[in-house]
Amino acid sequence: MSTAIRGDDGLARCPWGLSAPDYVAYHDEEWGRPVTDDQGLYERLCLEAFQSGLSWLTILRKREGFRAAFSGFDMAAVAAYGADDVERLLTDTAIVRNRAKIEAAIANARAALDLPGGLAATAWRYADPDAPAPRSTADVPASTAGSRALAKELKKNGFRFVGPTTAYALMQACGLVDDHLVECHRRGAYR
């Protein structure tokens, strides 16, 4: 059972936040910070989908490559991608080259543009700011009723590669839930 651990700077963090140097800034400055705009949610959704089956560290290290490859995650630009763009992306070593995930990112841009009320408003309907604070990593679920409902709604509206676990990772990353451990210095920082 992993609980928050202190880094060299004396701050207690979620254990994963100290597992690699790249994670410290992501943990402290981004993960769990509320993202309330459609483009920001779309970027995180794409990255979470590309992460499926891989290490988040791989995605984090390729993030700038993804931004360049996917037009800064501008949904209108990505929605206009065609077969030539898919082939271009399949040769881009700066990203994860997986046809199904690339095609899902394009389909998800189109779906997000057509989503009544927008992606951010849809996602934030499932926010759970009062979820119990996890004391250890064992207390952090892989999915919740809210993430299952969000995934179901997104799929109903044409989104792909968005199961309950990916939806929950999106919720964690974008501040819809606060899964920083109870002793972590970032717990409750964004309320």
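Procedures and definitions
- Residues numbered from 1 in each chain as written.
- Predicted model: local features only at pLDDT ≥ 70, side-chain atom pairs only at ≥ 80, totals over all residues.
- Heavy atoms only, no water.
- Helix = DSSP H or I, 4+ residues; strand = E, 2+ residues; numbered from the N terminus.
- Buried < 20%, exposed > 50% of the residue type's maximum accessible area, 1.4 Å probe, protein only.
- Contact = heavy atoms within 4.5 Å.
- Axes fitted to C-alpha atoms, helices over the stretch in contact; angles between N-to-C directions.
- Parallel < 35°, antiparallel > 145°, perpendicular 65-115°, else oblique.
- Left-handed = near helix turned anticlockwise from the far one by under 90°.
- Phe/Tyr/Trp six-rings, centres within 6.5 Å; stacked < 30°, edge-to-face > 60°.
- Lys NZ or Arg CZ within 6 Å of the ring centre and 35° of its normal.

K.L.:
Sorry, what's going on with the side chain of E43 here?
P.N.:
Checked against the element boundaries, E43 lands in helix α2 (residues 38-51). Using a relative accessible area of 8% as the deciding quantity, one classes E43 as buried. Setting aside anything within four residues of it in sequence, one finds E43 in contact with R63, R67 and F73.

K.L.:
Quick question: what am I supposed to make of the packing of helix α6 (residues 83-90) against helix α7 (residues 99-114) here?
P.N.:
Angle between the axes and distance between the axes: these two values describe a pair of packed helices. Contact geometry for α6 and α7: axes closest at 10 Å, N-to-C directions at 135°. As judged from the angle between their axes, α6 and α7 are oblique. The interaxial crossing formed by α6 with α7 has right-handed handedness. Where α6 abuts α7, its residues V86, E87, L89 and L90 lie against R99, I102, E103 and I106.

K.L.:
What am I meant to see in the packing of aromatic side chains here?
P.N.:
Each aromatic ring pair is specified by the distance between its two centres and by the angle formed by the two planes. Enumeration over the complete set of coordinates arrives at ten aromatic pairs. Pairing F66 with F70 gives two aromatic rings, centres 6.4 Å apart and planes at 20°, and the pair type is stacked. You can call F70 buried: its relative accessible area is 0%. Its guanidinium or amino end placed over the ring of Y81, R88 lies 5.3 Å from that ring's centre, counting from NZ or CZ.

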